[in-house]
Amino acid sequence: MENFRKKGIFFLMFWYAIMCNAQSKITGVVLDQKTNPVSEASVRILELNNSGTVSDFDGRFTLTVPSGNYTIETTFVGLKKNRTTIAVGKSKTIKLTIVLEEDIEELNDVIVKGRTQNEQKRNTGYAVNVLETKALKNVTTDINQVIKSIPGVNLREVGGLGSNFKLALNGLVGNQIRYFIDGVPMENFGSTLTLNNFPINLVKSIEVYKGVVPISLGSDALGGAINIITSNKKKNYLDASYSIGSFNTHRTAVNTQFVNKNNYYLKLISFYNYSDNDYEMKDVPVFDLELGNFLGNVDVKRFNDEYTSTMVSPEFGVFDKSFADQWYFRVTGAYNKNNYQHPDNNILRVLGQFNTEGKTLLLSTSYRKKIHKLEIKASGLLGWVKETNDDTSTRKYNWTGAFIERNPLDQLGELGSVRSLFKLTDRVASSQVNAKYSLKRNHLIEANYAFNYLKRKGEDEVNPLNAAFRAPAVLSKNIAGLAYTLKGLNDFFNLTFFGKQYLFSAHQENITGEKIEDVDFSGTGYGASLSVSPIKELSVKASYEKAYRIPESYELLGNGLFIRPNFNLQPEESDNINLGTRLNTSFSWFKLTFDANFFYRKSIDFIRLKRPEGVFSEFDNITNVSSTGIESGIKTVFKDKIEAQFNITYQDIIDKDRLDEGIENAAYNSRVPNIPYFFFNTRVGAKFLKNKLSVYWNYSFTESYFLKTENNGNPLDKNDIPAQNVHGLDIDYSWKEGRYNLSGSITNLTDALVFDNFRIQKPGRAFYLKLRYFLQ
Amino acid sequence: MKHLQINILILAAMLLGLVACSSDDDAPVPVSNPDPDPDPEVVEPEVTGQSSNGFVMALRTTGDNETDYIVSKEDIMTGEISAAGTGIELTSWRFFYPVGKTLFTTGYSEDNQGAAYADNGKGLIAKKGGFIFENALEMFGAGDDKTLLAMEIARNLPTRRLHIIDAETGLVKQISDINIFVEPAKDPRETKISWPTALQVRGDKLFIPFQKIKNEFDDKGAAVDLGTTDPDEAYIAVFSYPNIGTDPEKIISDNRTSNIGVNGATTGLIEADNGDLYSFSCGAVMAGFSQASTKPSGILRIKNNETEFDDSYFFNVEEATNGGKLFSLDYAGGNKAIARILTNDTGNKWEAFGRTVFNQKLVIIDLEAKTVTDVANIPLHAKRYTSPILIENGKAYVSIETATDAYVYQVDIATATGTKGAKIVGKTIKGFFRLK
């Protein structure tokens, strides 16, 4: 840190020195041959000791120099080096347009091309959205809020900051979607490391793969995968932010890196979030505490929903060495505490003290090296995750905040039928190896192997009858993948075939460590993706995968209370098809990106909890559904000043069970209820004052949908989730070339009643102010 | 939905009243919200738009997480009974129990609410009152024509919470924590507790037959099931009523047959016209017994004005049906009962509640004459949860579910014959009721 400050001071002094010297300015833009801006291109002045800068997202750069003659060298991977000589007079501004030509030699290398890495990903055959967070870093938001604007994605939250959520991709939801951070699966990381509290500042980009997942993301992702990419710059930087807002919300994030001249680096990612989440609930029912009778509806503030989460993750590594392109060790420590106001699906049961606590410690390492045509990546992770559910309160609350002490004989918890302090301790381990080999010019072979291990143990200090996981349960997953890619010249086409082999085993031990129950499963998934680009601006894509999701531990092993183990559970299966197109073009003052994707999912053997009839229930493979839909996104930028984007999704999720327990299913071929089927969002904004000030308006709409089967019930009193209209406003002011950023946000501008779930109300209008300091 | 503004004073008064009530118990320490809402509202009783004429039925639909609907239809002997475009939509799987002309429905603990439904005087069904509970209410009985008895049965605690609910208002009048039976063990996991199988009020007594149960654990120490512990004896706890103490006045037992009743059924004990009580004992593993009882399935009697089993009466139904075991018993008038018989016990625990074995038949039992007559024209079927059977004018109405379909049947009690009625578009009709 000390070093940093010195550098900062040095930079400042340098700045003043230059200012005093009556300097001249060079501004410019770096473009490729097709006039696409090239961001992150290096722009250096050879005469000034190679001092220089890097072009920004729009390809622009600014340099301040004393008068004289200079050679400007501009470089970018995959493009030819450009040298431009200029003469700079006193106190003049010189405008430059630097066009980088394609480097034919490098173009033939199938790995690196003129397109940016993200654009390359977008142009593969996968249905993928790559979201660059650059423009969003000043906004008070977390990853979830950003992901939910992607077409085909629907996010249903239970409440405010830190609340539980369900993310759906093309109709597949929850654990059917797998999450990764820098390519490492986030499985079993616990509640502390989820997308609902991860500030956007810490993230460089987000990749959302729908339905068809490349083998490099090794997991049993039935419906798709989300890969969070943290920043990976090879220079010093400091990105620190603090935001304050409604409901006593405070959020801090620090992301910094120090690189020494031998290419060793130290990086730190950290955040702290706190919120009271005490937003007002409108018209909630109040029940008498003694007898439970309905008294009336009231408007009240939530009073037991405080949320704290924090993470510190230092990383030590090297890059660009003979033995490694990058190699790092990372330690991640995270903690959260979450008070619950009510169960996620029921506002009738009010909780006044129930809370959960999570602690996670992860040690990980990742290695990357390219040797000629072979590119190797390997990572490993060890972790300890502790989750505590505290249901020890002896009180009973209602929505007014009033409570009574329970009769001592009555051992009820707030949530459970007996008070409990349940602690789950997980030991997790995972490793992943990926190798890519370029065979000749246009062939690429990729192999991936991922291993995931979980040992879960539970104990309850308060309820002796709760024996859930008292004897440890062990699950391990092995997923091997092999892919072959054939590329046409100039990216004319890109064809990939892949196969995935799943090996799964689970066992439960008894107290003495003997294996008791053993489950094994193996299966083979496969798929293909094809993209055709007749011109660079346009690609047409198709992809297919036969995907699986292996049962989770709680589905297989039950909860030791009322859910019995079911060792006959089969994995969920889905045939996923995408057909899409992408257009990315620009004229001098106008940029347009357009995506459209048609999707079809035919899913069988969904694992659901069989309803209790009799005493106990268990998870079973019971539902088959199909999901067909279309999603589209369009983004336009005018003169780099005005920006508009619009994303829309329509999906038809259909019940495909002909029979329900042998009886003809009346809901066969009708829409599966309680899932949004039509939604769109838009974001429109403009930049003012030399792009220092920007103003954005967001709007999202979700069509009303029924809680239960559409055709059933008297239309006069059908339960539904009403149509949602949510507006937001972001104002962002940056100065000193983006070093200081002040932004204000208003969410739910119209203070509308917002529900993602039946009767579960989300926060009303809220204000946030964020200050961000960014130095690099 | 209409909202009726009421004065804050009313709510404040209610809260105060609550404070006053709870101060009787010493323990409660109510605090009020530091920031109470100045503008409370109360929801008017809901008129549902559903006709209260004809048969009111609890229909369980297919698909869609098994939602229940309250539907109504005058003619249930022809056509179809379906929830398409009709019916009061409930939020989940529900229990249904009638008290006089009022129908109560309550959910499980993740849908911890109940309410009463009755005719609004204009031919429509109106929702009355509303209450919440903590553990699911799983056993029901009628105190009288205006009173529902409903009980929370914790699976791991001996205390049973008896709710006394007013059918006129749909509100809870009283909750009593009562002990039916507990036999503590050194290891708390071995403690024996009760599973009640009826709440039968007669005169100034409340009879609660029960099974003795405990949690069962696998060799990993996880609770995997509830198990009957003493299957070879019948037990009834006798409480005074309406002043129910915390403990029974006595527990009576009889070793001629097994534990009375089965899980889920509310008719372990029924009352005949003359005030005699009859209980049924099953003892089959497929009906939830951990071990089959060595005693025959049969019927015991408690004579009117008595609180002991009648030594002179036992109807060995197992013998009379060549090895069948009683699975339900409903009083049908004239000292007759309509009953379900498991024609054999497959030996797989709980299987009688599933849809894998269709081995149940309907019979008419003459309780006095101790005879059993099979009901003609009704196929072998399976049955899960059902409300008490509706019987009017000598006819019973039942939903009969076979492997592939479900139909309404009308049963003539006198002749023991069934007549096939409307097709059920759904899994079952849990109960037939009259609200007018």
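Residues numbered from 1 in each chain as written. Chains lettered and ligands numbered in written order. Predicted model: local features only at pLDDT ≥ 70, side-chain atom pairs only at ≥ 80, totals over all residues.

1. Some remarks on the pairing of strand β10 (residues 165-169) of chain A
Residues and elements named next belong to chain A.
1) Next: By the bridge criterion, five bridges tie strand β9 (residues 153-157) to β10 in an arrangement that is antiparallel. Bridge pairing in β10 places Arg156 opposite Lys166.
2) Next: Two strands pair when backbone bridges link them, and β10 and strand β11 (residues 172-173) are joined in this way by two bridges, in the antiparallel orientation. Looking at β11, one finds that Leu169 is bridged to Leu172.
3) Next: The hairpin formed by β10 and β11 contains two residues between the paired strands, and Asn170 there has a positive phi angle of roughly 50°. (Pairing = 2+ DSSP bridges. Helix = DSSP H or I, 4+ residues; strand = E, 2+ residues; numbered from the N terminus.)

2. Regarding the sheet that holds strand β9 (residues 102-107) of chain B
All names here are of chain B.
1) Next: Spatial strand order, β3-β11-β10-β9-β8: five strands in an open sheet with antiparallel pairing. The sheet is open, and its two borders are formed by β3 (47-51) and β8 (94-99), each paired with just one other strand. Along the sheet, successive strands turn relative to each other by an average axial angle of 30°, direction set aside. (Axes fitted to C-alpha atoms, helices over the stretch in contact; angles between N-to-C directions.)

3. Examining the confidence of the model for chain B
1) Next: Summing up the model confidence of chain B, the mean pLDDT is 88 and the portion of residues at 70 or higher is 88%.
2) Next: On the interface metric, ipTM, the complex scores 0.86, and its pTM is 0.84. (pLDDT = per-residue confidence, 0-100.)

4. Some points on the environment of Ile654 of chain A
All names here are of chain A.
1) Next: Checked against the element boundaries, Ile654 lands in strand β37 (residues 642-655).
2) Next: Considering only alpha carbons, one finds Ile654 and Thr581, 73 residues apart in sequence, at a separation of 25 Å.
3) Next: Once residues within four sequence positions are removed from consideration, Ile654 is found in contact with Val625, Ser626, Asn669, Arg671 and Val672. (Contact = placed C-beta atoms within 7 Å.)

5. Here we look at the sheet that holds strand β1 (residues 24-32) of chain A
All names here are of chain A.
1) Next: Strand order in the open sheet formed by three strands is β4-β1-β7, with mixed pairing between adjacent strands. Each having just a single partner strand, β4 (60-65) and β7 (93-100) make up the two edges of the open sheet. With direction set aside, neighbouring strand axes in the sheet form an average angle of 25°.
2) Next: Where β1 lies against β7, eight bridges are found, and the strand directions are parallel. In the sheet register, Thr27 faces β7, and the bridge partner there is Lys95.

6. Let's talk about the environment of Ile70 of chain B
Residues and elements named next belong to chain B.
1) Next: Mapped onto the elements of the fold, Ile70 is located in strand β5 (residues 68-73).
2) Next: Looking at Ile70, the number of C-beta atoms within 10 Å reads 29, which means it is buried.
3) Next: Ile70 sits 20 residues away from Leu90 along the chain, and the two C-alpha atoms are 7.8 Å apart.
4) Next: Not counting the four nearest positions on each side in its chain, Ile70 is found in contact with Gln50, Val56, Ala58, Gly87, Ile88, Tyr117 and Ile125. (Buried ≥ 20, exposed ≤ 12 C-beta atoms within 10 Å, placed from the backbone.)

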